[in-house]
Amino acid sequence: MRYATLALMAVLCAGCFGRSTYTPTAYYTVDPAPAVQPAGECGLRLGVRPLEPARPYSRSKIAYRADGHVLGHYPGVEWAELPGDLVTRALMDALAASGRFSDVGRAIDMAAPDLILTGQLRRFDEARTEDPPVAVCEVRLELRHAVDRQALWADTLTASVPLERDDVAGLSEAMSRAVGDLVAEAAARITQIEFPAEAPAQ
């Protein structure tokens, strides 16, 4: 009787495991490829601080906007990287590739940068209020002298790209293009600034 009971329990447990509805999370990448134009070096060192993400984009959840001012997150899927980290890195890479600055790096890792670039990631979502839906990336950027904090340039940049496929893979492709477009525009605007011949006194 004891062995029969144990056998029955084993069968019931196997049935429970067999009916499991667990679905692993799928991760989607964003791979921007901005077209960056070379610029003459100004001899200044640029320190970049990580973009501060708005609350809906502080995690890796994939966000969307729907009618009625609804902001939601798709279940079972996430970005492979935090949006703020991704856009920050893409921006740094584009500015470094331009050749405009003698050094581009994280401000916290630089001993004495001449310029500081800060910003906020204000949007990183799919706008389902549009037809077809669009991927939207919006960033507020501010460039200042590191010593006196004098503002040199500031603007809010937005890029949106329609989805060619109405699914998360299509959103990933469209967001890659949107981030690439935004970063390319930011790099072009910043590298066109006429800086003084010499850095401010440290």
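Rules used throughout
- Residues numbered from 1 in each chain as written.
- Predicted model: local features only at pLDDT ≥ 70, side-chain atom pairs only at ≥ 80, totals over all residues.
- Heavy atoms only, no water.
- Helix = DSSP H or I, 4+ residues; strand = E, 2+ residues; numbered from the N terminus.
- Buried < 20%, exposed > 50% of the residue type's maximum accessible area, 1.4 Å probe, protein only.
- Contact = heavy atoms within 4.5 Å.
- Areas by Shrake-Rupley, 256 points an atom, 1.4 Å probe, with all protein chains shown as cover.
- Expected span 1.5 Å × (residues − 1).
- Core = buried A, V, L, I, M, F, W, Y, C linked by side-chain atoms within 4.5 Å.
- Polar contact = N/O pair within 3.5 Å; in protein donor to acceptor, adjacent residues only side chain to side chain.
- Axes fitted to C-alpha atoms, helices over the stretch in contact; angles between N-to-C directions.
- Parallel < 35°, antiparallel > 145°, perpendicular 65-115°, else oblique.
- Left-handed = near helix turned anticlockwise from the far one by under 90°.
- Nonpolar A, V, L, I, M, F, W, Y, C, P; charged D, E, K, R; others polar.
- Pairing = 2+ DSSP bridges.

Draft legend 1. Local environment of the overall build of the protein chain. Each helix and strand counted, the protein chain has three helices and nine strands in total. Along the protein chain, helices and strands appear, N-terminal first, in the series α-β-β-β-β-β-α-β-β-β-β-α. Counting only residues that meet the buried cut, the protein chain has 40% of its 202 residues in that class. Intrachain contacts of the protein chain at a sequence separation of at least 6 include 71% that bridge at least 24 residues. Put simply, the protein chain shows about 11,400 Å² of open surface, and 52% of that area lies on carbon and sulfur atoms.

Draft legend 2. Here's a closer look at helix α2 (residues 83–98). Given a rise of 1.5 Å per residue, 16 residues ought to cover 22 Å, and the 23 Å separating the end C-alpha atoms of α2 matches this to within 8%. Along α2, the residues classified as buried are P83, G84, L86, V87, T88, A90, L91, M92, A94, L95 and S98. Tucked inside the fold, the buried residues of α2 contact β2 (45–48), β5 (70–79), β6 (103–106), β7 (115–127), β8 (134–145) and α3 (168–191). Where α2 ends, the next residue or the one after it, G99, has phi of about 75 degrees, a positive value.

Draft legend 3. Region of interest: the nonpolar core. If you look at the biggest cluster of nonpolar residues, it comprises 48 residues, and the most contacted ones within it are F124 and V179. Elements supplying a minimum of two residues to this core: β2, β4 (61–66), β5, α2, β7, β8, β9 (151–162) and α3. Top contributing element to this core by residue count: α3, with 11 residues.

Draft legend 4. Representation of unusual backbone geometry. Omega for the bond connecting D131 with P132 falls within 30 degrees of zero, at 0 degrees, which places this linkage in the cis form. With respect to the element layout, P132 can be found in the loop between β7 and β8. Residues other than glycine seldom take positive phi values, yet H69 does so here, at roughly 60 degrees. Inspection of the secondary structure puts H69 in the loop between β4 and β5.

Draft legend 5. Spatial organisation of the side chain of S60. Here S60 is to be found in the loop between β3 (52–53) and β4. Given the relative accessible area of 16%, S60 is considered buried. Engagement of the side chain of S60 in a polar contact is seen with the side chain of E78, the distance being 2.6 Å. Not counting residues within four places of it along the chain, the set of residues in contact with S60 comprises E78, W79 and L82.

Draft legend 6. Structural view of the environment of R59. Tracing the backbone through its elements, the reader meets R59 in the loop between β3 and β4. Given the relative accessible area of 52%, R59 is considered exposed. Other than its neighbours up to four places away in sequence, R59 contacts L82 and P83.

Draft legend 7. Spatial organisation of the packing of α2 against α3. One can describe the packing of α2 onto α3 by two numbers: an axis separation of 9 Å at closest approach and a directional angle of 45 degrees. Judged by the inter-axis angle, α2 sits oblique to α3. Read as a crossing pair, α2 and α3 show a hand that is right-handed. Residues L86, V87, A90, L91, A94, L95 and S98 of α2 form the contact with α3, whose participating residues are V179, V183, A186, A187, I190 and T191. Taken together, the residues of the contact of α2 with α3 sort by class into 11 nonpolar, two polar and no charged.

Draft legend 8. Looking closely at α3. Taking 1.5 Å of rise per residue, 24 residues should cover 34 Å, and α3 covers 34 Å from first to last C-alpha, within 8% of that figure. α3 sits mainly inside the fold: 17 of its 24 residues count as buried. Among the residues of α3, the N-terminal cap falls to D167, whose side-chain oxygen and the backbone nitrogen of A169 are separated by 3.3 Å.

Draft legend 9. Geometry of the pairing of β4. For β4 and β5, the ladder comprises five bridges, and the chain directions are antiparallel. When the bridges of β5 are listed, R65 appears paired with L71. If you look at the hairpin formed by β4 and β5, you'll find three residues sitting between the two strands, and G68 has a positive phi there, around 80 degrees. For β4 and β7, the ladder comprises three bridges, and the chain directions are parallel. When the bridges of β7 are listed, R65 appears paired with A127.

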